[in-house]
Amino acid sequence: MTTDERNFRSSYYEKVGCHSVEEKKSLNKLLQDNIRNHVKLKQFCLSYTVPTTHRSLLWNIILGVMPLHKKSTEFIMDQRKAVYDDLLRAVTVMQYVTTPKCQAFLNMWKLENNTLLYSVGEKTDDFKADLVFMEIVKVLLRIFDDDVETYWLAKEFYACTREIQLECQRLKELTQTLLKKEDTLLFSHLESLGVFSSDDLLDRWYITCFAGVINESTLVRVWDKICGGSRKIVVFIFLEMTKAFSKKAMKCQTIVEFKNLIEQVNDPDALVNKAIKTWQTSNQHNEKITVH
């Protein structure tokens, strides 16, 4: 088989959700170790597409829901379940909303963070935090079946979004730098619409890691990279989606029109694949954010 044939097959198998035998063997070995290697597991997420069958376990370990010591897993997860049950029982007794499930998770999380009894107004930091947490929960509930694991994953993934929030200004600056190099006209037009100066568009997309914008079956591949430690991946997702619809974007007269254009993408799969490949091959794969 020629190199081109192998490359074509690898690309096709990845597109339909299959993965090389070598990658799966490597991941299985990492997961079966008595003491899992956190660095190597994160590196796997950054370098490869995580198999669907392994995603729950891998995310749980990387995000700290499950311990690195394999023998401690049962004990730790029993503790996680006990905390979950106590929180759910508490918000139920207090007669807070427990349906839909995402609202119950939000109330449990707020109770755990001592913010449930406080009234928060729109535009406050607590209100924005609630919205981000809810978006994360909605996605995870569609991906995973175990409510206890999903609640804990939501808490830990939210911590990742806090890191993105702290770096959001620099991520937006990087976005502008890269887009300006690739398409000056498109950059100037989006700048005139206020895309880069608004706190309600790029910030929300980046901090929620495109939850509610990209369908879950595709979004998980982006979140694999975030679990692995990437923050810049959100920049490349935005750039690829924007460039793919550059002609339509140039016709947008308001920031709302541009927002609707991006959020109504029906099939983002190819765009996300391209964004990940571009991110992996660029010198921005290093997570230290430098803006030239």
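Report follows, based on the coordinates. (Residues numbered from 1 in each chain as written. Predicted model: local features only at pLDDT ≥ 70, side-chain atom pairs only at ≥ 80, totals over all residues. Heavy atoms only, no water.)

**A closer look at the packing of aromatic side chains**
Okay, so step 1: In total, this model carries 18 aromatic pairs according to the counting rule given.
Okay, so step 2: Between W59 and F157 the ring centres are 6.5 Å apart and the planes differ by 20°, which places this aromatic pair in the stacked class. Separated by 98 residues along the polypeptide, W59 in helix α4 (residues 52-62) and F157 in helix α8 (residues 147-166) bring together distant segments of the chain.
Okay, so step 3: By relative accessible area, W59 is classed as buried at 1%.
Okay, so step 4: Relative accessible area serves as the criterion here: at 1%, F157 is assigned to the buried category. (Phe/Tyr/Trp six-rings, centres within 6.5 Å; stacked < 30°, edge-to-face > 60°. Helix = DSSP H or I, 4+ residues; strand = E, 2+ residues; numbered from the N terminus. Buried < 20%, exposed > 50% of the residue type's maximum accessible area, 1.4 Å probe, protein only.)

**What to know about a nonpolar patch on the surface**
Okay, so step 1: Taken together, M94, L117 and Y118 make up a surface patch of nonpolar side chains, about 360 Å² in accessible area.
Okay, so step 2: You can see Y118 is positioned in the loop between α6 (101-112) and α7 (125-143).
Okay, so step 3: A relative accessible area of 58% means that Y118 is categorised as exposed. (Patch = residues over 30% accessible without salt bridge, like charges linked within 9 Å, V, L, I, M, F, W, Y side chains within 5 Å. Areas by Shrake-Rupley, 256 points an atom, 1.4 Å probe, with all protein chains shown as cover. Salt bridge = Lys/Arg side-chain N within 4 Å of Asp/Glu carboxyl O.)

**A closer look at the layout of surface pockets**
Okay, so step 1: One number sums up the size of the largest pocket: a volume of about 730 Å³.
Okay, so step 2: Lining the largest pocket are 27 residues, with F127, K128, A129, L131 and V132 sitting closest to its centre.
Okay, so step 3: If you list the elements that add at least two residues to the lining of the largest pocket, you get α6, α7, α8 and α11 (202-207).
Okay, so step 4: Ranked by residue count, the leading element in the lining of the largest pocket is α7, at 11 residues.
Okay, so step 5: Looking at the lining of the largest pocket residue by residue, the class counts come to 8 nonpolar, 5 polar and 14 charged. (1 Å grid on protein atoms, 1.4 Å probe; cavity = no way out; pocket = protein on both sides within 12 Å on 5 of 7 lines; lining within 4 Å. Points joined across faces, edges and corners; volume = space filled by probe spheres on them. Nonpolar A, V, L, I, M, F, W, Y, C, P; charged D, E, K, R; others polar.)

Shape descriptors only; they carry no functional weight alone.
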